[in-house]
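Next come the chains, spelled out residue by residue.
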Amino acid sequence: MATRSAVSTELPPDYKPWPALWAMVIGFFMILVDNTIVSVATPAIMEDFRTDYNTVIWVTSAYLLAYAVPLLVTGRLGDRFGPKNMYLVGLTIFTLASLWCGLTGSIEMLIVARVVQGFGAALITPQTMAVITRTFAPANRGAAMALWGATAGVATLVGPILGGVLVDSLGWEWIFFVNIPVGIVGFVLAVRLVPVLPTHTHTFDWLGVALSGIGVFLIVFGIQEGEKYDWGTIEGVLSVPLLIAVGLAVFAAFVFWQSRIKNEPLVPLSLFRDRNFSLGNAGIALVSLSITAMSLPFFFYAQGVRGWSPTGSALLMVPMAVVLILLAPFVGKLVDRTHPRNITLVGFGTAAAAMFWLSQLITPTTPVWQLCLPMALFGVSNACLWAPLSATATRNLPMSSAGSGAGVYNTTRQIGAVLGSAAIAALIQARLTANGIEGSSQDLQAAGDKMPDVIQGPFAEAMSQTLYLPVAAFLVGIVLVLFLAKPTHAGHGGPRAAAAEEAAPIA
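Residues numbered from 1 in each chain as written. Predicted model: local features only at pLDDT ≥ 70, side-chain atom pairs only at ≥ 80, totals over all residues. Heavy atoms only, no water.

## Quick notes on the overall build of the chain
Phase 1 of the analysis: On a plain count of helices and strands, the chain comes out with 22 helices and two strands.
Phase 2 of the analysis: When the 507 residues of the chain are sorted by exposure, 59% land in the buried category.
Phase 3 of the analysis: A sequence separation of at least 24 residues applies to 85% of the contacts in the chain between residues at least 6 apart.
Phase 4 of the analysis: Summed over all atoms, the accessible surface of the chain reaches about 18500 Å², with 69% contributed by carbon and sulfur. (Helix = DSSP H or I, 4+ residues; strand = E, 2+ residues; numbered from the N terminus. Buried < 20%, exposed > 50% of the residue type's maximum accessible area, 1.4 Å probe, protein only. Contact = heavy atoms within 4.5 Å. Areas by Shrake-Rupley, 256 points an atom, 1.4 Å probe, with all protein chains shown as cover.)

Dropping the structure here:
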């Protein structure tokens, strides 16, 4: 029958989707931990390779960029060759690249290895969301997306904690080596538990891939390197403002091309006709940008100004992680029962308050317990943002757009992280200069040990000022979520809406 549920036609009647989701969550958790685990290890990496801040920041930015750009097409690859196959290929690439990262002997090769690692992550991520959309009935999809979103939130916060312990006990190389056993376990579980789903023939918009990749790279490179060259010319050849302008123009050309291409555009702009999909994408980009932007200045303050070890500084994230873990199941139950605006308003509001509060506490003498308070409040924020935004954005996606929709959502999230990394690099450099501290290699390497007393105050003030960036981003998020609409599908629209989706023709 053409009107049977897409879920029931692709899977055996007795199939249980939760074990497969938990198996894929292992790999998804691992790659997201790598988004933030490097933050706490950055001073150690910089000191070991005797490099400067603008170079070491590319260890993070290169991974995020290589992760973000391919996401637009890797979701389609999952539709074409099967999400299980693409997940396994991506997990293999990511695990082997992690070994390469740990064994590398130069900062340049570490950056290259991180690019390969990011590509593996790009193959993994869309498959997790696509499997949820294609294997969970509409009535249960919100809870599954809540687990997906909570995993992203927990991984983002666990990364620095795990990284601190590994850097102190075994060395920074082990933040990459730890991925190898996790990757092997995840591979075995995925082979056994993830179903083989029917594939769909797709064409691939390679011109769109090129335009989007070039545009994003030029924008990010210009923003990140601009302060280093005083927003003038790079090596007397490339104008930074012109570089950013060309990047924006190329990205505009990409959007125009997507509106003109008739046969399966890389980004189906029709997806954005759904208000919640558009706002959910914008919201998750702001969240990702802000978390990436707050991590680096906070850890430079903790290790450089206060002299705390990587483990000691990372433990300041524990209140945030604990609160998030405790609240995530409760929020997950609310996702299918309440208007998404209610939860996300709490999330963005508490996030803006927590970041502003933290910025006022970044001084050389603030007691540790006071720093823990805004961190705990930020845990509330993350619990009310990751799961609700992902569930709300993807709830109305048709089955035929599962891969492309997941790719767009995850691309938006990663581009937010890339821009956050680039923007905070430029902002840190600018505030250090404004506070009388030259951001040279020697100055910044001092972040690996406690700085001299004369530098501590100005450096802490500079780091405090950079936290206004995530505050501003979260305030924008408050305005965005005011316009979220009440979803019409299962969980919000009642039995009729659920039945309507179950009866939809198979794409």
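## Re the side chain of Gln-127
Phase 1 of the analysis: Locating Gln-127 in the fold gives a position in helix H6 (residues 107-135).
Phase 2 of the analysis: When its relative accessible area of 0% is taken as the criterion, Gln-127 is described as buried.
Phase 3 of the analysis: Among the polar contacts listed, one links the side chain of Gln-127 to the backbone oxygen of Leu-123, at a separation of 3.0 Å.
Phase 4 of the analysis: Residues contacting Gln-127, with those up to four places away along its chain left out, are Met-24, Thr-74, Gly-78, Pro-83, Met-86 and Tyr-87. (Polar contact = N/O pair within 3.5 Å; in protein donor to acceptor, adjacent residues only side chain to side chain.)

## Observations regarding the pattern of salt bridges
Phase 1 of the analysis: By the definition in use, this model includes one salt bridge.
Phase 2 of the analysis: With a closest N to O distance of 3.4 Å, Asp-34 and Arg-114 form a salt bridge. Within this pair, whereas Asp-34 is found in helix H2 (residues 17-49), its partner Arg-114 is found in helix H6, the two being separated by 80 residues in sequence. Neither residue differs from the other here; Asp-34 and Arg-114 are each classed as buried. (Salt bridge = Lys/Arg side-chain N within 4 Å of Asp/Glu carboxyl O.)

## Things to note about the nonpolar core
Phase 1 of the analysis: Within the largest apolar cluster, 129 residues are counted, with the highest numbers of intra-cluster contacts made by Ile-31, Ile-45, Leu-110, Leu-358 and Met-463.
Phase 2 of the analysis: It is H2 that provides the largest number of residues to this core, a total of 17 residues.
Phase 3 of the analysis: In contact with Leu-110, other than residues within four places in its own chain, are Ile-45, Phe-49, Val-59, Cys-101, Thr-104, Trp-172 and Phe-176.
Phase 4 of the analysis: In this structure, Leu-324, Ile-343, Ala-383 and Cys-384 belong to the second largest nonpolar core, which totals six residues. (Core = buried A, V, L, I, M, F, W, Y, C linked by side-chain atoms within 4.5 Å.)

## Some thoughts on the environment of Ile-415
Phase 1 of the analysis: Mapping Ile-415 onto the fold places it in helix H18 (residues 402-434).
Phase 2 of the analysis: With 346 residues separating them in the primary sequence, Ile-415 and Val-69 have C-alpha atoms 8.0 Å apart.

## With respect to the environment of Ala-245
Phase 1 of the analysis: Relative to the helices and strands, Ala-245 is located in helix H11 (residues 240-260).
Phase 2 of the analysis: You can call Ala-245 partly exposed: its relative accessible area is 39%.
Phase 3 of the analysis: Once the C-alpha coordinates of Ala-245 and Gly-215 are considered, the two residues, 30 residues apart in sequence, prove to be 9.5 Å apart.

## Observations concerning unusual backbone geometry
Phase 1 of the analysis: The phi torsion at Arg-50 lies on the positive side, around 50 degrees, for a residue other than glycine.
Phase 2 of the analysis: Following the sequence through the fold, Arg-50 ends up in the loop between H2 and helix H3 (53-68).
Phase 3 of the analysis: Judged by relative accessible area, Arg-50 falls into the exposed class, the value being 58%.

## Digging into the packing of aromatic side chains
Phase 1 of the analysis: Enumeration over the complete set of coordinates arrives at 13 aromatic pairs.
Phase 2 of the analysis: Seen in terms of ring centroids, Phe-378 and Phe-474 are 5.9 Å apart; in terms of plane orientation they differ by 65 degrees. Their pairing is edge-to-face. Placement of the pair is Phe-378 in helix H16 (residues 368-383) and Phe-474 in helix H21 (residues 468-481), with a sequence separation of 96 residues.
Phase 3 of the analysis: Residue class for Phe-378 comes out buried when judged on its relative accessible area of 1%. (Phe/Tyr/Trp six-rings, centres within 6.5 Å; stacked < 30°, edge-to-face > 60°.)

## Focus on a nonpolar patch on the surface
Phase 1 of the analysis: Taken together, the side chains of Trp-100, Met-109, Val-112 and Val-116 make up a nonpolar region of the molecular surface, amounting to roughly 290 Å² of accessible area.
Phase 2 of the analysis: Along the chain, Val-116 falls in helix H6. (Patch = residues over 30% accessible without salt bridge, like charges linked within 9 Å, V, L, I, M, F, W, Y side chains within 5 Å.)

## Considering the side chain of Thr-128
Phase 1 of the analysis: Note that Thr-128 resides in helix H6.
Phase 2 of the analysis: Overall, the relative accessible area of 2% leaves Thr-128 in the buried class.
Phase 3 of the analysis: Ignoring anything within four residues of it in the chain, the contact list for Thr-128 reads Met-24, Phe-28, Tyr-87 and Trp-148.

## Thoughts on the environment of Met-320
Phase 1 of the analysis: The topology assignment puts Met-320 in helix H14 (residues 318-335).
Phase 2 of the analysis: Classification of Met-320 as buried rests on a relative accessible area of 0%.
Phase 3 of the analysis: Here the alpha-carbon distance between Met-320 and Pro-374, two residues 54 residues apart in the chain, equals 8.4 Å.

## A closer look at helix H20 (residues 453-466)
Phase 1 of the analysis: Between its terminal C-alpha atoms H20 stretches 21 Å, which fits the 20 Å expected from 14 residues at 1.5 Å a residue.
Phase 2 of the analysis: Buried within H20 are the following residues: Gln-456, Phe-459, Ala-460, Ala-462, Met-463, Ser-464, Gln-465 and Thr-466. (Expected span 1.5 Å × (residues − 1).)

## Details of H6
Phase 1 of the analysis: Between its first and last C-alpha, H6 extends 42 Å over 29 residues, near the 42 Å set by a 1.5 Å rise per residue.
Phase 2 of the analysis: The buried fraction of H6 is high, at 23 of 29 residues.

## Regarding the confidence of the model for the chain
Phase 1 of the analysis: Of the residues in the chain, 86% reach a pLDDT of 70 or more, and the chain-wide mean stands at 82.
Phase 2 of the analysis: Confidence scores differ between elements of the chain, with helix H22 (residues 494-502) showing the lowest mean pLDDT of 35 and H21 the highest of 96.
Phase 3 of the analysis: Below pLDDT 50 for its whole length, residues 1-9 participates in 19 contacts with residues either more than four positions away or in separate chains.
Phase 4 of the analysis: Confidence over residues 439-448 falls short of pLDDT 50; this stretch has 25 contacts with residues more than four positions distant or in other chains. (pLDDT = per-residue confidence, 0-100.)

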